[in-house]
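Topology and contacts: notes
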Amino acid sequence: RNLKRQMPCRVDIDRLNTPFIAIYESLIPPEEEKAKQKQLLTLLQRLVTKEWPEGRLFLYGSCANSFGVSRSDIDVCLAIGDANINKSDVLLKLADILQSDNLQDVQALARARVPIVKLMDPVTGISCDICINNVLAVVNTKLLRDYAQIDERLRQLAYIVKHWAKSRGVNETYRGTLSSYAYVIMCIYFLQQRRPAILPCLQEMEITYSVTVDNIECKFYDQVEKLRKFGSRNKETIAQLVWGFFNYWAYRHDYANDVISIRTGSVISKREKDWTRRIGNDRHLICIEDPFEISHDLGRVVDKYSIKVLREEFERAAHIMQDSPHPCESLFEPY
Ligand code: CTP
Ligand code: MG
């Protein structure tokens, strides 16, 4: 293990730029998908307004954070200002309304961890999950989307990493591996750490956007169109960055002591967060701080078995990028 953990020398990584860019471009959804999503959202908003005049629908997750692939389901949040509503009543009522408007496969999952109504729109063919008052997710979606606008290499890296994670079966929270959301945060953190940095830390800059949600102050710099040149002094290619990412999580990250934090743009210690031992079901074996719910470790789903799987996959990926004659096939080989 020790030998394997030595930093391997960087070989001809750049041969992977062309195939990586090709994969990235093939995964980006075409513009007409956005139009269809808008169309469905407008229909749903009209139905919602009839019952809850104050109710507003927001997209969140991969359909809105710019890290979504083609033909994915969309995630919608119904925000109803009133905090005293009974979520399951609203959910059931909403399911009723949608059902009577010819939407298909309408199903209320009132007892799920995040209660949702599922539906399929026969006109656009889009499937959609609607949750109630999950406004933090809408705000963290904006943060991710804003980061994506600063340097295209974030989107490229995150698409490759998500594609790898899905192919290798390590994007399954119900089996103890990481969410897509966690992987994107890991990518942002990694690009904040490059020297020169490729991404800034938006939450440490002048505040231009601020909302308070569930008693959490969410504030950051969001005039990202002014930051388009931020990473330009760094010339690293996407292949070097993908390799660096896997190398970091395979050999460099200090799993015993460190928490990664895009909120501070730095590493913080597990001790400082009191994440050094298992509390309840949170084992803190890989620590990824949520940017707003800072008591949330996005790695809390990882257990003593799945941490091994994850770390072996990071090592496998780093090795393949160095040594394999056909790295792209092996890297994304179905597990
Ligand atoms: N989310 C969150 N906290 C988590 C997991 C998810 O707030 N621990 C929210 C985030 O707003 C995230 C959204 O739920 O954008 C969807 O999460 P996820 O399915 O992990 O990410 P997607 O970007 O939708 O990825 P995929 O393409 O795999 O659907
Ligand atoms: Mg999703």
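Thresholds applied
Residues numbered from 1 in each chain as written. Chains lettered and ligands numbered in written order. Predicted model: local features only at pLDDT ≥ 70, side-chain atom pairs only at ≥ 80, totals over all residues. Helix = DSSP H or I, 4+ residues; strand = E, 2+ residues; numbered from the N terminus. Rg over C-alpha atoms; globule rule 2.2 N^0.38 Å. Buried ≥ 20, exposed ≤ 12 C-beta atoms within 10 Å, placed from the backbone. Contact = placed C-beta atoms within 7 Å. Domains from an automatic or database assignment. Nonpolar A, V, L, I, M, F, W, Y, C, P; charged D, E, K, R; others polar. Pairing = 2+ DSSP bridges. Axes fitted to C-alpha atoms, helices over the stretch in contact; angles between N-to-C directions.

Moving on: the overall build of the chain. Counting its secondary structure elements, the chain contains 10 helices and 10 strands. On C-alpha atoms alone, the chain measures out to a radius of gyration of 21 Å, which is about the 20 Å that the 2.2 N^0.38 rule sets for 335 residues. In terms of overall dimensions, the chain has C-alpha extents of about 65 × 45 × 40 Å along its principal axes. Per-residue burial for the chain yields a buried fraction of 39% across its 335 residues. In the chain, of all internal contacts separated by at least 6 residues, the share reaching a separation of at least 24 is 62%.

Here we come to the environment of Glu 54. When you line up the elements, Glu 54 lands in the loop between α2 (31-51) and β1 (56-60). Dropping the residues within four chain positions of it, Glu 54 is found in contact with Ile 80 and Gly 81.

This paragraph deals with the environment of Leu 298. Note on placement: Leu 298 falls in the loop between β10 (287-288) and α9 (306-323). Separated by 125 residues in sequence, Leu 298 and Thr 173 have C-alpha atoms that sit 10.0 Å apart. Every residue in contact with Leu 298, bar those within four places of it in the chain, is listed here: Ser 179, Tyr 181, Ala 182, Ile 185, Ile 288 and Asp 290.

Another aspect to go through is the domain arrangement of the chain. For the chain, the assigned domains are domain 1 (13-27 + 150-331) and domain 2 (31-137). Centre-to-centre, using C-alpha coordinates, domain 1 lies 28 Å away from domain 2. In this complex, domain 1 contributes 12 residues to the contact, which on the side of domain 2 involves seven residues. Listed by contribution, the elements that provide at least two residues to the side of domain 1 that touches domain 2 are α5 (152-167) and α6 (180-193). The element best represented in the side of domain 1 that touches domain 2 is α5, accounting for four residues. Here the residues of the side of domain 1 that touches domain 2 are counted per class, giving seven nonpolar, one polar and four charged.

It is worth spelling out the pairing of strand β8 (residues 258-261) at this point. With four bridges joining them, β8 and strand β9 (residues 266-269) adopt antiparallel strand pairing. Bridge pairing in β9 places Val 259 opposite Ile 268. In this structure, the hairpin formed by β8 and β9 is closed by a connection of four residues, where Gly 265 is found at a positive phi of approximately 70°.

Before going further, it helps to spend a moment on the sheet that holds β1. The five strands are arranged β1-β2-β5-β4-β3 in an open sheet whose pairing can be described as mixed. Because the sheet does not close on itself, it has two edges, and the strands there are β1 and β3 (104-109). Each strand axis lies, on average, 20° off the axis of its neighbour in the sheet, ignoring direction. Summarising the sheet, strand β2 (residues 74-79) and strand β5 (residues 127-132) pair through five bridges and their orientation is parallel. Looking across to β5, one finds that Val 76 is bridged to Ile 130. Packed onto the sheet, helix α3 (residues 87-99) meets β2, β3, β4 (116-120) and β5 and runs at close to 170° relative to β3.

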